[in-house]
Structures are given as structure tokens and as C-alpha cells.
Amino acid sequence: MIKVMIVDDQTLVRQGVRGLLELLPDIEVVGEARDGKEALEKIPDLAPDVLLLDIRMPRMDGVAVLTALNAANALPPTLVLTTFDDGDAAVAAIKAGAKGLMLKDVSLDDLADAIRSLANNGTAFQPAMTDSLMAAIRRGPAPMPDEIVADTLTVREREVLQLICGGYSNKEIADLLVLAEGTVKNHVSNLLLKLDARDRTRAALKALQQGHLE
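Since the structure is predicted, the reported quantities are computational estimates derived from the model, not experimental observations. (Residues numbered from 1 in each chain as written. Predicted model: local features only at pLDDT ≥ 70, side-chain atom pairs only at ≥ 80, totals over all residues. Heavy atoms only, no water.)

Draft legend 1. Structural view of the pattern of salt bridges. For the structure shown, the criterion picks out 11 salt bridges. Across the pair Glu38 and Arg34 runs a salt bridge, and its minimum N-O distance is 3.1 Å. Its relative accessible area of 12% is what places Glu38 among the buried residues. The shortest N-O distance in the salt bridge between Asp113 and Arg116 comes to 3.4 Å. Here Asp113 and its partner Arg116 are both found in helix H5 (residues 108-119), three residues apart, which amounts to about one turn of the helix. Judged by its relative accessible area of 44%, Asp113 falls in the partly exposed class. Bridged by salt links that share partners, the residues Arg14, Arg18, Glu22 and Glu32 form one connected network. (Salt bridge = Lys/Arg side-chain N within 4 Å of Asp/Glu carboxyl O. Buried < 20%, exposed > 50% of the residue type's maximum accessible area, 1.4 Å probe, protein only. Helix = DSSP H or I, 4+ residues; strand = E, 2+ residues; numbered from the N terminus.)

Draft legend 2. Representation of unusual backbone geometry within the structure. Phi is positive for Arg59, close to 70°, though the residue is something other than glycine. Examined against the element boundaries, Arg59 turns out to sit in the loop between strand E3 (50-54) and helix H3 (62-71). Its identity as a non-glycine residue notwithstanding, Val178 has a phi of 55°, on the positive side.

Draft legend 3. Spotlight on helix H9 (residues 170-177). Every buried residue of H9 is accounted for by Asn170, Ile173, Ala174 and Leu177. Projected down its long axis, H9 shows its buried positions confined to an angular sector of 100°, all on one face. Residues of H9 that are exposed and point over 90 degrees away from its buried face: Asp175 and Leu176. Just downstream of H9 lies Val178, where phi reads positive at about 55°. (Arc of directions from axis to C-beta.)

Listed below in C-alpha cells is the structure:
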């Protein structure tokens, strides 16, 4: 059984999510919290496998919860659920340690799949949230992750990864670097392999999670 805790300031949301998850045979809701402070008090005893966390709450918001748990080395895999398609908040949540982002209108099947993914050390990003996240990244192009660059990436791969983190398409990267689009695709393939990322979005997210996207 995957043990899940729900943190949301809206009672109806908590009850609704709990009711849906209780229909599933492999997921157990072990507790709830109404805000971030209550969550911090309960998480050590409940020891959830996956935390479902609202990003907008009174007293202590979701980003503050993530930051506090991360600092204490006590952060369970966390799926942020929000009613806001807010790229800047999504960036803050990822930087603070969230492993997934979804809007609250997500289907039960998608939510269950996301929980299972996080429980197995994966990630889960709803397409709508990924779009807003990439838009937020595009507004502030990122420096390179130094530890990765120094060890494994070529100079050209560094340039391509910088532009991926800036939200540029392969064609745009090719135009900027005066390369054939096929050459850019080859560089992207090499980057995904070296970064152990499934796709270009996850490559950008990996750089973000390392704290290099300011």
C-alpha cells in the first residue's frame, strides 16, 4: 500500500480527494492537514510515502513546507496540487523539492498514476502545468548546472542545454547557433542520455531542481 497524506486548507477538497483515493486498492490515505504548520507537525508520525500538497494556504504555504522539510532532510516525494496555473509558483515548488505538479481538476486515473510514479522515485507533471512551468523558465534563462557541465558536457552541449532551459525549440536553437536542426537533435539526444532525462522538459526540470534556475 502507498501511504498518502493530503495537505489543503479547503475541507471539501481534502474530503473529495480522500474519497476518490479510497476507491483504489493500492493507495491508503493516512492523514490530512489544514495548513503547512499542521502538516509539519503530523508528517514525522504519519510517515507518508507520498505527500499531496496545496501550494496556496494560510499560516504556511506549500513552498514553505517543502523548504522546511527539505532543510530537515525529511521531505517525502511531494505532488503539488493547485487550482492556479501559475508558472512562477511551479518554479518555486520545484526548486523547493516537489517531484510533481498537477491542477486540482486532474482525473482520478491521472492522479493515481502520479502518486504511483512518485512512490517509485519518479516524477509527474501535468501537461498544463508543464506549459506554464516552461513559460516561467523562458522568462528567465538559466545558467548551467556547473557540476554536470564540468564533468561530462562539451562546450556545444552546454550552449544547447542553456537554450533548452530558456525554452527554445530545436529550430530556434539551430538558428541561434547557426547549426543544422539535425545536429541540434543529436546534441539534445546526447544531453538526455548524459542527464538521464526522458525528454527536454525533464532535462530543464533537472537543472531547475539543482537550484541553478534563478
